[in-house]
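Structural description and commentary
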Amino acid sequence: MAESKITIPKDISPAVIKRLPRYYRYLGELKEHDVSRISSKELSQRMQVTASQIRQDLNNFGGFGQQGYGYNVEYLYTEIGKILGLDKVNNMIIVGAGNLGQALANYHFEPNGFRVLGLFDVNPRLVGLTVRGVEIYDIDTLEEFIHTHDIKIAVLTLPKQTASDMAKSMVEWGIKAFWNFAPVDLKLPKDIMVENVHLAESLMTLSYRIRSNNE
């Protein structure tokens, strides 16, 4: 199949960006089941997104289908991976090696293009331990580690009272993006990317949906 040029406009809707990982996941599952091609209608039935929405989303990046043929699953999977930056390994660190930090370190991120190089904590009893082969370091070594390993992504699992100040320091040391699990909204420069994952808020949203559905 002829290679199409990927375009990544600056003004892509956040809703489209959030759907891209879903496309990537579903296409990966299709690959695992040796499905070679799929139509937008068939993909829409699996994902519960309209076929029109799928075509509109992919057209933001140049479109990848052929009339009467549909989408080449492996090709589309690869191209969406490139759009998401998964065609290279993204090194990251976890700051906060408590229960949540260690749980995240145990997750198998590598197939999705991410590799945890280290965990950091203030607790001396944790320093030197390993989680799934990744060492826990003293927080005092964080700045040097960021510089020597060219880290751009940090996972933040610190308490609310320390997360903001630590994030600001890490920006000065070169961190460009945060996956923030701390229960606080980070006030950082506009060019720093933050993806918030507030667990309690997600549960509250679920609780609201249960209540509203029962009334």
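What counts, and at which threshold
Residues numbered from 1 in each chain as written. Predicted model: local features only at pLDDT ≥ 70, side-chain atom pairs only at ≥ 80, totals over all residues. Heavy atoms only, no water. Buried < 20%, exposed > 50% of the residue type's maximum accessible area, 1.4 Å probe, protein only. Helix = DSSP H or I, 4+ residues; strand = E, 2+ residues; numbered from the N terminus. Pairing = 2+ DSSP bridges. Right-handed = clockwise from strand over helix to strand, strands pointing away. Axes fitted to C-alpha atoms, helices over the stretch in contact; angles between N-to-C directions. Left-handed = near helix turned anticlockwise from the far one by under 90°. Contact = heavy atoms within 4.5 Å. Nonpolar A, V, L, I, M, F, W, Y, C, P; charged D, E, K, R; others polar. 1 Å grid on protein atoms, 1.4 Å probe; cavity = no way out; pocket = protein on both sides within 12 Å on 5 of 7 lines; lining within 4 Å. Points joined across faces, edges and corners; volume = space filled by probe spheres on them. Arc of directions from axis to C-beta. Parallel < 35°, antiparallel > 145°, perpendicular 65-115°, else oblique.

**Notes on the pairing of strand E7 (residues 153-156)**
Both faces of E7 are covered, namely the face carrying Ile 153 and Val 155 and the face carrying Ala 154 and Leu 156. Note: strand E3 (residues 90-95) against E7, four bridges, orientation parallel. Along E7, the bridge assignment pairs Met 92 with Ile 153. Bridge count between E7 and strand E8 (residues 177-180): four bridges; the pairing is parallel. When the sheet's bridge partners are listed, Ala 154 is paired in E8 with Phe 178. Chirality of the crossover, the property in question, places the unit of E7, helix H7 (residues 160-172) and E8 among those that are right-handed.

**Some words on the packing of helix H1 (residues 14-32) against helix H4 (residues 73-83)**
Between H1 and H4, whose axes approach to 9 Å, the crossing angle comes to 145 degrees. For H1 against H4, the interelement crossing comes out left-handed. Of the residues in H4, those in contact with Leu 20, Tyr 23, Tyr 24, Leu 27, Gly 28, Leu 30 and Lys 31 of H1 are Val 73, Glu 74, Leu 76, Tyr 77, Ile 80, Gly 81 and Ile 83. Classifying every residue of the contact of H1 with H4 gives ten nonpolar, two polar and two charged.

**Digging into empty space enclosed by the protein**
All told, the structure shown has one cavity of 30 Å³ or more when counted by the stated rule. Here the lining of the largest cavity is built from residues that sort into five nonpolar, no polar and two charged.

**Quick word on the layout of surface pockets**
Each pocket or cavity is described by its volume, and for the largest pocket that value is around 2,100 Å³. Forming the boundary of the largest pocket are 43 residues, of which Pro 21, Leu 84, Leu 86, Phe 114 and Glu 195 lie nearest the centre. Mapped onto the lining of the largest pocket, the elements with two or more residues apiece are H1, H4, E3, E8 and strand E9 (193-196). Ranked by the residues each element gives to the lining of the largest pocket, the list is headed by H1, at eleven residues. Taken together, the residues of the lining of the largest pocket break down into 27 nonpolar, five polar and eleven charged.

**A look at H7**
All of the buried residues in H7 are Ala 163, Met 166, Ala 167, Met 170 and Val 171. Summarising the axial view, the buried residues of H7 lie within an arc of 140 degrees, below the 170-degree limit, and thus occupy one face. The exposed residues of H7 that point more than 90 degrees off its buried face are Gln 161, Asp 165 and Glu 172. Along its buried surface, H7 packs onto E3, helix H6 (142-149), E7 and E8. Within two residues after H7, Gly 174 carries a phi angle of roughly 120 degrees, on the positive side.

**Quick notes on the packing of H1 against helix H2 (residues 40-47)**
Contact geometry of H1 with H2 gives a least axis separation of 11 Å together with a crossing angle of 105 degrees. With respect to H2, the element H1 is oriented roughly perpendicular. Contacts between H1 and H2 involve Arg 22, Tyr 23, Tyr 26 and Leu 30 on the former and, on the latter, Leu 43, Arg 46 and Met 47. Partitioning the contact of H1 with H2 into residue classes produces five nonpolar, no polar and two charged.

Interpretation note: all reported values are geometric properties and have no functional meaning in isolation.
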